Amino acid sequence: MTAPVHERIVERWSAAALETAVAHGTLGLVIRPDLLVDVVGSLKVEFGFDLLLDVTAVDWPQREPRFDVVYHLYTTREFVRVRVKTRVAASAPVVDSLLGLYNSARIAERECHEMYGIEFRGNADLRPILLYEGFIGHPLRKDYPKQREQPLVPYRK
Amino acid sequence: MTAGSRTAMPSGAFEYLTTKKDEFVGWARKFSLFPYPFVTACCAMEFMSVSSTLYDTDRFGAALPRFSPRQADLLMVVGTITHKQAPVLRRVYEQMCEPKWVIAFGVCATSGGFYQNYAALQGIDRIIPVDLYIPGCPPRPEMVIDGIMKLQDRIASDRHPIITDRF
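Residues numbered from 1 in each chain as written. Chains lettered and ligands numbered in written order. Predicted model: local features only at pLDDT ≥ 70, side-chain atom pairs only at ≥ 80, totals over all residues.

Notes on the overall build of chain A
Condition: The helix and strand labels rest on DSSP assignments: H or I over at least four residues marks a helix, E over at least two residues marks a strand, and numbering proceeds from the N terminus. Three exposure classes are used, all based on how many other C-beta atoms lie within 10 Å of a residue's own C-beta (placed from the backbone): buried at 20 or more, exposed at 12 or fewer, and partly exposed between those limits.
Within chain A one finds three helices and seven strands. Along the chain direction, N to C, the helices and strands of chain A fall in the order α-β-β-α-β-β-β-β-α-β. In terms of overall dimensions, chain A has a C-alpha envelope of 65 × 30 × 30 Å along the principal axes. For chain A, the residues scored as buried account for 26% of the 157 residues in total.

As for the packing of helix α1 (residues 21–30) of chain B against helix α5 (residues 141–157) of chain B
All names here are of chain B. The cut-off we apply is this: A fitted line through C-alpha atoms represents every axis, and for helices the fit uses only the stretch in contact; the resulting angles, taken between N-to-C directions, go from 0 to 180 degrees. These descriptions rest on fixed angle ranges, namely under 35 degrees for roughly parallel, over 145 for roughly antiparallel, 65 to 115 for roughly perpendicular, and the rest for oblique. A crossing counts as left-handed when the near helix is turned anticlockwise from the far one by less than a right angle, and as right-handed when that turn is clockwise. Here, residues touch in the contact sense if the C-beta positions derived from the backbone fall within 7 Å of one another.
Between α1 and α5, the shortest axis-to-axis distance is 7 Å and the interhelical angle comes to 155°. Taken as axis vectors, α1 and α5 run roughly antiparallel relative to one another. Remark: the crossing between α1 and α5 carries right-handed chirality. Listed contacts from α5 to G26, W27, R29 and K30 of α1 are Q152, I155, A156 and S157.

Side note on unusual backbone geometry
Backbone geometry follows two general trends: most residues other than glycine have a negative phi, and most peptide bonds adopt the trans configuration. For the bond running from A:E64 to A:P65, omega is 0°, close enough to zero to count as cis. Position of A:P65 relative to the elements: it lies in the loop between β3 (51–59) and β4 (67–74). With an omega of -10°, the peptide bond between B:C137 and B:P138 qualifies as cis. With respect to the helices and strands, the residue B:P138 is situated in the loop between β4 (132–134) and α5. Here the phi dihedral of A:F79 falls at roughly 60°; this positive angle occurs in a residue that is not glycine. One non-glycine residue with positive phi stands out, namely B:D56, at about 60°. Relative to the elements of secondary structure, B:D56 occurs in the loop between α2 (43–51) and β2 (74–78).

Structural notes on the sheet that holds β4(A)
Strand-to-strand pairing in sheets goes through backbone hydrogen bonds, with the strands running parallel or antiparallel. All names here are of chain A. Spelled out, the test is: Two strands pair if DSSP finds at least two bridges between them.
If you walk across this open sheet you meet the five strands as β1-β2-β5-β4-β3, and the pairing is mixed. Edge positions in the sheet fall to β1 (19–23) and β3, since each has one partner strand and no second. Along the sheet, successive strands turn relative to each other by an average axial angle of 20°, direction set aside. Contacting β1, β2 (26–31) and β5 (81–88), helix α1 (residues 4–13) crosses the sheet at an angle of about 15° to β2. Along the sheet face, helix α2 (residues 36–45) touches β2, β4 and β5 and points at about 175° away from the line of β5.

So, the interface of chain A and chain B
Many structure descriptions define interface size as the accessible area lost when the parts assemble. The test is simple: Each residue gets one of three labels, nonpolar for Ala, Val, Leu, Ile, Met, Phe, Trp, Tyr, Cys and Pro, charged for Asp, Glu, Lys and Arg, and polar for the others, Gly among them.
Between chain A and chain B, the residue contacts involve twelve residues of the former and ten residues of the latter. Class assignment for the residues of the side of chain A that touches chain B results in seven nonpolar, two polar and three charged.

What about α2(A)?
Residue and element names in this part refer to chain A. Selection rule: Think of the arc as the fan of directions from the helix axis to the C-beta atoms.
For α2, the set of buried residues is V39, V40 and L43. Angular distribution of buried residues about the axis of α2 spans 90°; they occupy a single face of the element. Looking at the buried side of α2, the elements it contacts are α1, β2, β4 and β5.

Some remarks on the pairing of β5(A)
Residues and elements named next belong to chain A. Across six bridges, β2 lies against β5 in parallel orientation. In the strand pairing of β5, T26 is matched with R81. With eight bridges connecting them, β4 and β5 associate as antiparallel partners. In the strand pairing of β5, H72 is matched with R83. Linkage of β4 to β5, two consecutive antiparallel strands, is achieved through a turn of six residues, within which F79 is found at a positive phi near 60°.

Here is the structure:
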């Protein structure tokens, strides 16, 4: 099931995108990190995607570049979603912040930063939001040991 | 009324009973458990069920939840405790007056349950002493009642010193 807006987006961005595919009614775009703000800005301004639902990441430890940074966008005019993915390397996991386009990026990027260690250039406030100050490492990375504990209260003897 | 006034009373009535201090205090304490519900997760549903009409912990004198730790003597930790929340639990425990007891309600409070990850405290006994563990995910109300009765038995048979090393 392809929505008309999906076809217009593919027409507009297929040359720049690395991959485009529709799955379960959602268009997925894979783009280069340097095009992120351009593509998402175009989705917002030209295609009316007025909600940034979530910013998250996927860790592929064996792959280079290692991380997918994933954005989900929604339009309240046509009620469809678009998923924008971009790939960054573990040595420099940096993408541009979408704070200039969506205020909801402020908190979503904070969460993505603490869980995966992705840096968002332009978001000055990347303090932990679900974790606590002093937590070392990024727990949703695949190489974070499952049993590692970082207690805030010293354990009883 | 003194022990010598037996003739003034109808026959067969009690004037006084003799008992031991520890037994008397234990009997009083075991039927006046004021729980502080430290309820954080889905076990809350089972806690509500066991507190309300059908299972009715009021029968054990343990129905009146006190939402101030200073008025409570039974800390019921119901649900998952995260590392981020652990300082709060520790402080609530420290604010409770002696004597006090702690129940770890459900498997998450007991051992972390299936949350074997970066976020969850692997059992509240790592930070506060626990008197009774109730396993289950969530525990059945019958199990909670059984647990409360076991705690009551322990309180009744315990020593109740008037002066302790902490007071």
